[in-house]
Amino acid sequence: MGMIEQGTNEPAKRRLAGGRGLPAAARRFGLPAATGLGLMAVILGAAALVPMPAETQEIAYFRIGTGTPEASYFSIGGVIASAISNPPGSRDCDAGGNCGVPGLIALAQTTPGSVANLRQINEGALDSGLVQADIAESAFMGVGPFKESGPDLGLRAIANLYQEGVHVVVRADSGIESVAGLKNKRVAIGEKESDSYQTARLLLSAYKLSEKRVKPAYLPVVEAAQKLAAGELDAIIVVGSYPIPAIADLAMTVPIKLLPINDAAAQKLREEHPYLTVDLIPSGAYAGIDGSTVTLGIGALWVVDSSLDNDLVYEITRAIWHPSIRKLLDDAGPVGRKINVNSALVGLPIPLHPGAARYYTEIGQTSQPP
């Protein structure tokens, strides 16, 4: 059983590191009854509950910050919540029940995105969150939107779940052929403090551009797509796993093209930020675009605070990679099918949580520390 929660601000309790087993950890972070949180449970058919005496039930709630409802983080957060949940009374994993963490009910919460997730994890209002790798690095180092609050040296990774691609979208008849050609153009770079905004600024800087050398529009991707179709914008910079719905809809309205990000400036940017990879947006991902587009790839990380109980994080990590979860991920669509344990440690810009590191060591996967 997992939950999807919208618009709730009830804070989760912070756990102390060094716990001795999941039951003790569960007692430490138990919250009021779910009815007091104003939540609705999404009960999976395979996780039928067996009645148990109330005094023997021990429920622990675990909050996952995702993104806005139209973002892939929101849907994937719900899948993760279902995968790691295993409420008291559920059938055992070996008996066909859910293979999540015993006693755990995970809650996928809507948020504005990575920046908000990281701040709420730091404040103890979220237990974990889905964030872009570049924004996680900014929080860890205390730069960009986190300059005022300073470095969050307690930020830890559970996994790199999948890779997102940087999309630079222009009309097919624009005459713009490269990111450098965006100088003095009307460019949508996302709402301020949004995920795409942070990445757009990083990308522009690699081409000696900035918000002062383009005509920036601080718009969500849906509105930006409408304005590009109307001829009121020249380009959109957005990060997401293809196909991004708003861009797919745009491609059905007007002919578009994607600018490649695969030149010397892009190579230098990848060298300066090793969490950036090469990504390929395949031919046919968007209507009318024949041929693949090489771009920058950015990991979608699942992160927590270092204070989270080691045994709990170990159990959560083991649960998300349990073989029984594969079908659940595959059924979630193209993004879910990208999630694979073999790439869980690729391009992490922050340290692994010790509980997660223990699991990866057990299965023979290791990575160099950042």
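Thresholds, definitions, all that
- Residues numbered from 1 in each chain as written.
- Predicted model: local features only at pLDDT ≥ 70, side-chain atom pairs only at ≥ 80, totals over all residues.
- Heavy atoms only, no water.
- Helix = DSSP H or I, 4+ residues; strand = E, 2+ residues; numbered from the N terminus.
- Contact = heavy atoms within 4.5 Å.
- Areas by Shrake-Rupley, 256 points an atom, 1.4 Å probe, with all protein chains shown as cover.
- Salt bridge = Lys/Arg side-chain N within 4 Å of Asp/Glu carboxyl O.
- Disulfide = S-S within 2.5 Å.
- Buried < 20%, exposed > 50% of the residue type's maximum accessible area, 1.4 Å probe, protein only.
- Pairing = 2+ DSSP bridges.
- Axes fitted to C-alpha atoms, helices over the stretch in contact; angles between N-to-C directions.
- Parallel < 35°, antiparallel > 145°, perpendicular 65-115°, else oblique.
- Left-handed = near helix turned anticlockwise from the far one by under 90°.
- Nonpolar A, V, L, I, M, F, W, Y, C, P; charged D, E, K, R; others polar.
- 1 Å grid on protein atoms, 1.4 Å probe; cavity = no way out; pocket = protein on both sides within 12 Å on 5 of 7 lines; lining within 4 Å.
- Points joined across faces, edges and corners; volume = space filled by probe spheres on them.

Of the regular secondary structure elements, the protein holds 13 helices and 12 strands. By sequence separation, contacts in the protein at least 24 residues apart represent 75% of the contacts at least 6 residues apart. Counting only carbon and sulfur atoms, one obtains 54% of the accessible surface of the protein, whose full area is about 15,800 Å².

In this structure the tally under the stated criterion is 11 salt bridges. Across the pair Glu-362 and Arg-358 runs a salt bridge, and its minimum N-O distance is 3.7 Å. Taken together, the positions of Glu-362 and Arg-358, both in helix α13 (residues 354-362) and 4 residues apart, correspond to about one turn of that helix. Here the residues in one salt-bridge network are Asp-311, Arg-358 and Glu-362, joined through shared partners.

To continue, consider the state of the cysteines. One covalent bond between the sulfur atoms of two cysteine residues makes up a disulfide. Inspection of the entire model under this criterion finds 1 disulfide. Covalent S-S linkage joins Cys-93 and Cys-99, the inter-sulfur distance amounting to 1.9 Å. Measuring handedness by torsion sign, the sulfur bridge of Cys-93 and Cys-99 sits at about 75° and is right-handed.

The subject of this paragraph is helix α5 (residues 133-141). A large share of α5 lies buried, amounting to 8 of its 9 residues. Considered for burial, the residues of α5 that qualify are Ala-133, Asp-134, Ile-135, Ala-136, Glu-137, Ser-138, Ala-139 and Phe-140. Those residues of α5 that are buried are in contact with α4 (114-123), β5 (128-132), β6 (155-171), α6 (195-206) and β12 (293-305). Positive backbone phi, approximately 75°, marks Gly-142, located one or two places after α5.

This part covers the environment of Asn-342. Here Asn-342 shows up in the loop between α12 (334-338) and α13. Taking the relative accessible area as the measure of exposure, Asn-342 reaches 60% and is therefore exposed.

Another point: the pairing of β6. When you tally the buried positions in β6, you get 15 out of 17 residues, the bulk of the element. In this sheet, β12 lies alongside β6 in antiparallel orientation, the contact comprising 9 bridges. Its bridge partner being in β12, Gly-165 is matched across the sheet by Gly-297. By the bridge criterion, 6 bridges tie β6 to strand β9 (residues 235-240) in an arrangement that is antiparallel. Note on β9: the bridge partner recorded for Val-168 is Ile-237. Judged from the 3 bridges that link them, β6 and strand β10 (residues 256-258) form a sheet pairing that is antiparallel. Within β10, the position partnered with Val-170 by the bridge is Lys-257.

Turning to the packing of helix α10 (residues 310-320) against α13, a few remarks are in order. Contact pair α10 / α13: the axes reach a minimum separation of 7 Å and the direction vectors enclose 50°. Relative to α13, the element α10 is oriented oblique. Crossing of α10 against α13: the hand is right-handed. Along its contact with α10, which presents Asn-310, Asp-311, Val-313, Tyr-314, Thr-317 and Arg-318, the element α13 presents Pro-354, Gly-355, Ala-356, Arg-358, Tyr-359, Tyr-360 and Glu-362. Partitioned by chemical class, the residues of the contact of α10 with α13 number 6 nonpolar, 3 polar and 4 charged.

Residue Pro-243 is reached from Tyr-242 by a cis peptide bond, and omega for that bond is -5°. Looking at the secondary structure, you find Pro-243 in the loop between β9 and α8 (245-253). One non-glycine residue, Lys-208, lies in the positive phi region at around 55°. Relative to the elements of secondary structure, Lys-208 occurs in the loop between α6 and β8 (215-217). Judged by its relative accessible area of 65%, Lys-208 falls in the exposed class.

The method is simple in principle: a probe with the dimensions of a water molecule rolls over the atoms, and the space it marks as empty is what remains. Quantified by volume, the largest pocket comes out at close to 900 Å³. Surrounding the largest pocket, 42 residues form its lining, Thr-68, Glu-70, Ala-71, Val-221 and Val-239 being those nearest its centre. Per element, the largest residue contribution to the lining of the largest pocket is 5 residues, and it comes from β9. Considered class by class, the residues forming the lining of the largest pocket number 24 nonpolar, 11 polar and 7 charged.

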